[in-house]
Amino acid sequence: MNTEVHPLPVHALPAAAPVSWGARHLPGLALAGLLAAGGMVLGQIPALAHSGLSALTLAIVLGMLAGNLVPAHWHARPGPGIGMAKQQLLRLGVVLYGLRLTVQDIGHVGLAGVLVDALMLASTFGIACWVGLRWLRMERETVMLIGAGSAICGAAAVMATEPVVRGRPAQVTVAVATVVVFGTLAIFTYPALYALNQHWALVPGGQHGFGLYAGATIHEVAQVVAAARGIGPEAADTAVIAKMVRVMMLAPFLLMLAAWLGRRRGASHSAGGHGDGPVPAARLAVPWFAFGFVAVVLFNSLHWLPAGAVQAANALDNLLLAMAMGALGFTTRLGAIRQAGPRPLLLAALLALWLVVGGAVVSRLVLGVN
């Protein structure tokens, strides 16, 4: 008797049932939404709100706790949705962030305020690259993420810069952590600096001038609000506007960074023996969402949307950014952060020192002339 078993032809095998988009992505999106909701609820607690800990920061903390406490084999199911929250929802959140800004905001701080913002952004990021790469010998992605977070708008800038520099989740989390540490210290430091400035008069212009200085040098928007309120109402109003103008510089910063990195990758491509021709367009990480951000700012400047619609869009934006941060935390392993060592913290400390001291000098030079 012939007992040989003949395998079925491939076309006769039952095809695996296709997995729907919802089945793949909804578990992770639901998890990211839950982490975001937790961060937003915790952010309403007065003690945490007054300390400058925003919903974004708290969402990433909750995500890290969840990601490091649940068993590793549980990570596969929410993976696609978590990845979508970290990428597509993040980009949408950055675009909608433009509804917080208008071109008219520039007029409230004047040319001097814009100049202080621009000088501090360029110098802080430049110092980050010089110190981080040449002295501390850190990974380029980590250096640029810390530099962007310190120079522009904290965690939101880190998250927006990540697609351009192509950083790993652990690198992004390290950068966000440094922003939280030194931005929180600024909340308590700047009111004391204002009291000293009243005697030394290093930063001219009273509360208005000091508000410009605070908005140009403190990391997070929430931290700017908390620190400036400890100084006075005029300082708080001016600081928030100066900070918003600084946030508006995120889009041109990302475009210039993408172009610079594209040229570097092109040089590496040619040096690697792959030809001397131009780099393929796919190699250039153009942050298209930055154009969307600018378009939304320009649209918002027309004041066509009713206040209720803008408020609802800002609430949605908070949720999207918090979901992205929660997803980032979920994919970050504490072991990877420990492996980063003390150098990221040292770099962030040096940048924070520059923001305080260098920012005061730049503010005096610019505001003194005006």
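In the block above lies the structure referred to throughout.
The shown structure was predicted, so the numbers you read here are calculated from the model rather than taken from an experiment. Starting afresh in each chain, residues are numbered from 1 along the sequence in its written order. For this predicted model, a pLDDT threshold of at least 70 governs which residues receive local features, and a threshold of 80 or more governs which side-chain atom pairs are given and counted, while totals over whole chains, interfaces and linings are taken from all residues. To get the side-chain values, take all heavy atoms of the structure and skip hydrogens and water.

Q: How should I be thinking about the overall build of the protein in this particular structure?
A: Starting at the N terminus, helices and strands are each numbered in turn, a helix being any DSSP run of H or I of at least four residues and a strand any DSSP run of E of at least two. Counting its secondary structure elements, the protein contains 16 helices and 0 strands. Summary of the burial criterion: residues with accessible area below 20% of their type's maximum are buried, those above 50% are exposed, and those between are partly exposed, where the area comes from a 1.4 Å probe applied to protein chains only. Buried positions account for 48% of the 370 residues belonging to the protein. Working rule for contacts: check all heavy atoms of both residues, and any pair within 4.5 Å makes them a contact. In the protein, of all internal contacts separated by at least 6 residues, the share reaching a separation of at least 24 is 83%. Roughly 17700 Å² of accessible area belongs to the protein as shown, and the carbon and sulfur atoms make up 69% of that amount. Each accessible area is a Shrake-Rupley estimate made with a 1.4 Å probe; only the visible protein chains count as cover when residues are assessed.

Q: When you look at the environment of Ala251 in this model, what are you seeing that I'm missing?
A: Counting through the fold element by element, Ala251 comes out in helix 12 (residues 250-271). The class of Ala251 is buried, set by a relative accessible area of 2%. Taking C-alpha positions, Ala251 is 9.3 Å from Ala160, a pair spaced 91 residues apart along the chain. When near neighbours in sequence (up to four residues on either side) are disregarded, Ala251 contacts Ala290, Phe293 and Val294.

Q: Is there a simple way to explain helix 9 (residues 206-217) in this structure?
A: Along an α-helix, residues three or four positions apart point the same way, because every turn accommodates 3.6 residues. Along its 12 residues, helix 9 runs 17 Å from first to last C-alpha, staying within 8% of the 16 Å computed at 1.5 Å per residue. Where burial is concerned, most of helix 9 is hidden: 9 out of the 12 residues are buried. Taken as a whole, helix 9 has its buried residues at Gly209, Phe210, Gly211, Leu212, Tyr213, Ala214, Gly215, Ala216 and Thr217. Every helix has an expected span of 1.5 Å times one less than the residues it contains.

Q: Which parts of the structure should I look at to understand the pattern of salt bridges?
A: Opposite charge on two side chains permits pairing when their charged atoms draw close. Put simply, a salt bridge is a Lys or Arg side-chain nitrogen that is within 4 Å of an Asp or Glu carboxyl oxygen. Counted under the stated rule, the structure contains 2 salt bridges. Salt-bridge contacts for Arg100 lead to Asp317; the nearest nitrogen and oxygen are separated by 3.0 Å. Here the residue Arg100 occupies a position in the loop between helix 4 (79-96) and helix 5 (104-135), and Asp317 occupies one in helix 14 (residues 307-330), the gap between them amounting to 217 residues. The partly exposed category is assigned to Arg100, whose relative accessible area is 26%. Judged by relative accessible area, Asp317 falls into the buried class, the value being 0%. Put simply, Arg168 and Glu139 hold a salt bridge, and the shortest N to O gap is 3.2 Å. Note that Arg168 is positioned in the loop between helix 7 (155-165) and helix 8 (169-200) and Glu139 in the loop between helix 5 and helix 6 (140-153), a separation of 29 residues in sequence.

Q: Any chance you could explain the packing of helix 5 against helix 11 (residues 233-248) here in plain terms?
A: Each packed pair of helices is defined by two parameters, the angle between the axes and the distance between the axes. Look at helix 5 against helix 11: their axes get within 9 Å of each other, and the N-to-C directions meet at 70°. Classified by the angle their axes make, helix 5 and helix 11 are roughly perpendicular. The two elements helix 5 and helix 11 meet at a crossing, and its hand is right-handed. For the pair helix 5 and helix 11, the contacting residues are Asp105, Ile106, His108, Val109, Val114 and Asp117 in the first and Thr238, Ile241, Ala242, Met244, Val245, Arg246 and Met248 in the second. For the contact of helix 5 with helix 11, the class distribution of residues is 8 nonpolar, 2 polar and 3 charged. Convention adopted: a line fitted to C-alpha atoms gives each axis, helices being fitted over their contacting stretch, and angles between N-to-C directions are expressed from 0 to 180 degrees. Here the word oblique covers every angle except those under 35 degrees (roughly parallel), over 145 (roughly antiparallel) and from 65 to 115 (roughly perpendicular). If you view the pair so one helix is near and one far, a crossing is left-handed when the near helix is turned anticlockwise from the far one by less than a right angle, and right-handed when it is turned clockwise. All residues other than Ala, Val, Leu, Ile, Met, Phe, Trp, Tyr, Cys, Pro, Asp, Glu, Lys and Arg, Gly among them, are scored as polar; the first ten of these are nonpolar and the last four charged.

Q: Hey, could you run me through unusual backbone geometry in this one?
A: What you tend to see is this: most non-glycine residues have negative phi, and most peptide bonds are trans. At Arg166, a residue that is not glycine, the phi angle is positive and equals roughly 60°. Here Arg166 shows up in the loop between helix 7 and helix 8. Located in the positive-phi region is Ala201, a residue other than glycine, with phi close to 55°. Position of Ala201 among the secondary structure elements: in the loop between helix 8 and helix 9.

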